[in-house]
Amino acid sequence: MNCKKIFLAFMVAASYVSVQARDGFAIVIDPKSYNEAKTQVEAYASAVEQLHGMKPYIVIDRWQVPDSIRATLIRMHSQKQDPVIGAVFVGDIPVAMVRDAQHMTSAFKMDQRRDRRESSVPSDRYYDDFGLEFNSLGKDETKPYFYYALRADSRQNLQPTIFSGRIRPTDAGGTSRYEKLRSYLSKLVEEKRRQRSLQQMFYFSGHGYISESKVARIDEKGSYLEHFPELRGRVNRIGYLDHSDHNPVKTMLMDELMRTDLDLAVLHHHGYWDTQYLNALVKPQTVRAAKDFITRYCREHIYEAKQRDKNADSLRVALEKKFDLPQSWLANALDPELTKRDSLDEAASDLHLEDFKGYGFRPNVPVVVIDACFCGSFHQDDCIANEYLFQPGRTVVCIANTVNVLQDKWSDRLLGLLSNGGCVGDIARYSTYLESHVIGDPTFRFAPTNGNTLNLDHIINEDKPSVWKKLLNNDHPDIQALAIEHLFRHNLISSAKLRSIYESSPYATVRLQALEKIALMGDDNFIEVLKEASQDSHELVQRQALRLIGKSGDERLIPALIKVCISNNTSDRCNFNAIADLSVFPKDKLLAEFDRQFNSPTVCYMQKDSVRTKIRRTIERSADKWTKDTELIVNPSTTAKKRIMYIRQCRNFMVHGLIPMLIDYLPKADADSQKALLEAFGWHNYSTMVPRMIEAAKAIAADTRYDEAVRNEATKTIARLQHK
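This is a predicted model, so every value here is computed, not measured.

Engineer: Please clarify how the nonpolar core should be interpreted in this entry.
Structural biologist: The tendency in soluble globular proteins is for nonpolar side chains to be buried as a group. Within the largest apolar cluster, 141 residues are counted, with the highest numbers of intra-cluster contacts made by Leu257, Ile370 and Tyr388. If we ignore the near neighbours within four places in the chain, the residues touching isoleucine 370 are Leu267, His269, Gln276, Cys375, Ile384, Ala385, Tyr388, Cys398, Ile399, Ala400 and Asn401. If you look at the next biggest cluster of nonpolar residues, it comprises 30 residues, including Trp63, Ile93, Phe108 and Tyr148.

And the structure:
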């Protein structure tokens, strides 16, 4: 590392002002990008210091190796004078591809035997979470990817030490990456100097997301009013657009995001690195529309078959038979004009990379949260989040994901910090997922609108328990939730206190934070809070409680689960999770509790016998859904390939009552199955069977008769089950 060069670069950036900075911020940039955009980089550094009171360090990356960058950031964070508390990686900074850490993602569970480019997670947690330990697996042959495996003796959960962001323009679209960088930094500095407060926000929901629950979206607005109480009032300051409002909805969404008065947008939809999926096929309202819907649906399958070199004619005949269709409906399915029309309709349904240029789409909302899979894949040659940034509009930062994400995650966690002096990097820091990233400037923040004078960056970095105890009584729910987070990390908040907070708080944000933290304790207070939270007035809190009921498997929760199942007006996504929960409890106990509750005269339906039959069948069908597959794991006649498949399936769906059977099988299994089973156990860290799984893993970790890879997996599983 060229310390003198780093020091001189810092002096250039800091010489514009005499502000006394307390915290440092590292701008890590490759030499070529720095030389090409030196003026803009130094203007950015100056703005960071002048506007945020942070000491900027321009770190020229001459190593092009992640290990050296990480070591430098650790040293700069540890220094006594102006320690670094955040970083941004600008230009061609190496990409860390993380392996053996899928439990740190929200949903990514790809078989690591596949191509390592696809089965690794691109993640800057390698750079910003100093508590993680990795083994290097070498560099990619052609890409700027460096592969790292999370070590068994590492911490097994995420607590980023500093906040971070990525500014990685590429040459995609015919414009030089350096021209993009110069233009972006120029508009970023201009936008930062506006020091705008958060006055207007907007949220959007695409097709098929969280079961298209209307209740979820209604309550979501309530969450935003908790996060940003200044948006309450006579004038509507929170806009909402649903995919079902228009089909196609694309141009209307683009129009909203081009508003110059819009400050924050949250977009929920399915996605890929090059696409925001917005609409599905138009739902029919007339007989003619119903025919069009059916034929279009069938043609899509025929097109797909042809693309895969399958027999399209055979599929057409099969579809005609399956849906009892006249031959005339699909006779012209591959007609060129019809194919072209369908292609245009499909393109209009979603927002693609080329639409930014093709439609002249110039988003003006400074901060965009993209709650979707893959849209933040900064390691690709281009991605959706990059297109938002590198346009002439005013968007300067996105929060987006590098791989697939869980639909049920808490996507607006601590979002209210943005109006309390917090920066965008702070929001992403607490997402606790490998895939979640700030694409753009992580120091961007809104001017406080309520006279708040908290220096959150500094408070978070100092991490003083005495301060968090005071902030637990702060008026703002997000500050309270942040205090709960840090008091929990310091082991200074009990499950009894968390239960009390849950039961007394009027804020869904605070109740959800208390629920998530008490879940990690797994004691009787957790069970009691889950019972209450399964009936919470806020959909997201209730939904997370139902997910945790399934993850726990504690039979004391069966009455609470059945109460939700027989409710006449359970929201769509909560109902989805409740049905999934049925699969992890004993069928006989579920049915007995159902009969007890449903036979009560207080349960009233117009056609009660019919409803009873329907719900009972759902319980009978769901309760046995995974039992047979799980039992096949220990069956001697099961092939090795099938056994691994069934074990991997257990990562998502575990029948808690069968865990003792799997534990008993562990010593008899082959090494591959032992390793896979231990890894699967680690996913169930809320299970009532955690003590038994830890006991089994400890015995294996200490027994040298087991393969080293198996013992390492056991060590990792112990830490995961203990939330360490």
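The rest of the description comes next.
Engineer: Explain helix α32 (residues 690–701) here, please?
Structural biologist: Side chains of residues three or four places apart in an α-helix project in the same direction, reflecting 3.6 residues per turn. Between the first and last C-alpha of α32 there are 16 Å, a value that for twelve residues agrees with the 16 Å anticipated at 1.5 Å per step. Along α32, the residues that are buried comprise Val690, Met693, Ile694, Ala696, Ala697 and Ile700. In a view along the axis of α32, the buried residues occupy a sector of 165 degrees, so they form one face of it. Opposite the buried face of α32, by more than 90 degrees, sit the exposed residues Pro691 and Glu695. The inward-facing, buried residues of α32 contact α30 (659–665), α31 (671–681) and α33 (708–721).

Engineer: Which parts of the structure should I look at to understand unusual backbone geometry?
Structural biologist: Among all residues except glycine, the phi angle is most often negative; among peptide bonds, the trans geometry is most common. For the bond from asparagine 247 to proline 248, the omega torsion is 5 degrees, close enough to zero to count as cis. Of note, proline 248 is situated in the loop between β10 (238–242) and α9 (250–257). Backbone geometry places glutamine 64, a non-glycine residue, at a positive phi of 60 degrees. Summarising the element assignment, glutamine 64 is placed in the loop between β2 (54–60) and α4 (66–78). Overall, glutamine 64 belongs to the partly exposed group, its relative accessible area being 33%.

Engineer: When you look at α9 in this model, what are you seeing that I'm missing?
Structural biologist: Of the positions making up α9, those classed as buried are Lys250, Leu253, Met254 and Leu257. Buried residues of α9, seen end-on, are gathered within an arc of 100 degrees and therefore sit on one face of the element.

Engineer: It is not clear to me how the sheet that holds strand β4 (residues 95–99) should be interpreted in this structure. Could you clarify?
Structural biologist: Picture the strands of a sheet paired through backbone hydrogen bonds; they go either parallel or antiparallel. Within the open sheet, the four strands sit side by side as β5-β4-β7-β6. Their pairing is mixed. Edge positions in the open sheet fall to β5 (121–122) and β6 (134–139), since each of these has one partner strand only. Where β6 and strand β7 (residues 145–150) come together, four bridges link them in antiparallel fashion. Each bridged residue has a counterpart across the sheet, and for lysine 139 the counterpart in β7 is phenylalanine 146.

Engineer: Would you mind showing me how to read the pairing of strand β17 (residues 436–440) here?
Structural biologist: Every other side chain in a regular strand lies on the same face of the sheet, so the side chains alternate between the two faces. The buried fraction of β17 amounts to five of the five residues, a majority that puts the element mostly inside the structure. As paired elements, strand β16 (residues 397–401) and β17 share five bridges and run antiparallel to each other. Bridge pairing in β17 links valine 397 to glycine 440.

Engineer: Is there a simple way to explain the pattern of salt bridges in this structure?
Structural biologist: Pairing of side chains with opposite charge becomes possible as their charged atoms draw close. On inspection of all chains with the given rule, the structure shows 50 salt bridges. For glutamate 620, the salt bridge identified is with arginine 616, shortest N-O distance 3.2 Å. One end of the pair, glutamate 620, and the other, arginine 616, are both in helix α27 (residues 608–623), four residues apart, so they sit about a helical turn from each other. Take glutamate 620: its relative accessible area is 32%, and that puts it in the partly exposed class. What makes arginine 616 partly exposed here is its relative accessible area of 25%. The network of salt bridges with common partners includes Glu190, Glu191, Arg194, Arg196 and Asp263.

Engineer: Quick question: what am I supposed to make of the sheet that holds strand β12 (residues 270–272) here?
Structural biologist: One open sheet holds the three strands; their spatial order is β12-β13-β14, and the pairing between them is antiparallel. The two strands at the open ends of the sheet, each matched to only one other strand, are β12 and β14 (350–352). The sheet shows a mean angle of 10 degrees between the axes of neighbouring strands, direction not considered.

Engineer: Explain the packing of helix α24 (residues 558–565) against helix α25 (residues 572–582) here, please?
Structural biologist: Packed helices, taken two at a time, are described by the angle their axes make and the gap between the axes. At a minimum axis distance of 10 Å, the contact between α24 and α25 shows a crossing angle of 135 degrees. When the interaxial angle is binned, α24 and α25 end up oblique. The handedness of the crossing between α24 and α25 comes out as left-handed. Seen from α24, the contacting residues are Leu561, Val564 and Cys565; seen from α25, they are Ala578, Asp581 and Leu582.

Engineer: How should the pairing of strand β9 (residues 201–205) be read in this particular structure?
Structural biologist: Counting buried residues in β9 gives five out of five residues, a clear majority hidden from the surface. Of the two faces of β9, both are covered, the one formed by Met201, Tyr203 and Ser205 as well as the one formed by Phe202 and Phe204. With five bridges connecting them, β9 and β10 associate as parallel partners. Note that in β10 the partner of tyrosine 203 across the bridge is tyrosine 240. Each parallel crossover has a hand, and the one from β9 via helix α8 (residues 214–227) to β10 is right-handed. Relative to strand β11 (residues 264–268), β9 runs parallel, the two being bridged by five bridges. Following the sheet pairing, serine 205 is matched in β11 by histidine 268.

Engineer: Is there a simple way to think about the side chain of aspartate 30 in this case?
Structural biologist: Tracing the chain through its elements places aspartate 30 in the loop between β1 (23–29) and α2 (31–36). Although aspartate 30 is buried, it makes no salt bridge; arginine 177 carries the closest opposite charge, 7.3 Å away. A polar contact is formed between the side chain of aspartate 30 and the side chain of serine 33, at a distance of 2.6 Å. If we skip the residues at most four places from it in the chain, aspartate 30 touches Asp61, Gln64, Val90, Gly91, Asp92 and Ile93.

Engineer: Explain the environment of leucine 557 here, please?
Structural biologist: Relative to the helices and strands, leucine 557 resides in the loop between α23 (539–552) and α24. In the structure, leucine 557 is positioned 47 residues away from valine 510 in sequence and 23 Å away in space, judged by C-alpha atoms.

Engineer: I tried to follow the confidence of the model for the protein on my own but got confused; where do I start?
Structural biologist: Predicted coordinates in areas of low pLDDT are best not read in detail. Averaged over every residue, the pLDDT of the protein is 94; residues scoring 70 or more account for 97%. Here residues 1–5 scores under 50 on pLDDT; set against residues more than four positions off or in separate chains, the count is seven contacts. Counted against residues more than four places away or in other chains, residues 7–19, with its pLDDT under 50, gives 19 contacts.

Engineer: Teacher, can you tell me more about the side chain of aspartate 554 here?
Structural biologist: Take aspartate 554: it is sitting in the loop between α23 and α24. With a relative accessible area of 10%, aspartate 554 lands in the buried category. At a separation of 2.8 Å, a polar atom in the side chain of aspartate 554 contacts the side chain of arginine 556. Apart from residues no more than four positions distant in its own chain, aspartate 554 is found in contact with Ile527, Phe585 and Thr688.

Parameters at a glance
- Residues numbered from 1 in each chain as written.
- Predicted model: local features only at pLDDT ≥ 70, side-chain atom pairs only at ≥ 80, totals over all residues.
- Heavy atoms only, no water.
- Core = buried A, V, L, I, M, F, W, Y, C linked by side-chain atoms within 4.5 Å.
- Buried < 20%, exposed > 50% of the residue type's maximum accessible area, 1.4 Å probe, protein only.
- Contact = heavy atoms within 4.5 Å.
- Helix = DSSP H or I, 4+ residues; strand = E, 2+ residues; numbered from the N terminus.
- Expected span 1.5 Å × (residues − 1).
- Arc of directions from axis to C-beta.
- Pairing = 2+ DSSP bridges.
- Salt bridge = Lys/Arg side-chain N within 4 Å of Asp/Glu carboxyl O.
- Axes fitted to C-alpha atoms, helices over the stretch in contact; angles between N-to-C directions.
- Parallel < 35°, antiparallel > 145°, perpendicular 65-115°, else oblique.
- Left-handed = near helix turned anticlockwise from the far one by under 90°.
- Right-handed = clockwise from strand over helix to strand, strands pointing away.
- Lys, Arg positive; Asp, Glu negative; His and termini not counted.
- Polar contact = N/O pair within 3.5 Å; in protein donor to acceptor, adjacent residues only side chain to side chain.
- pLDDT = per-residue confidence, 0-100.

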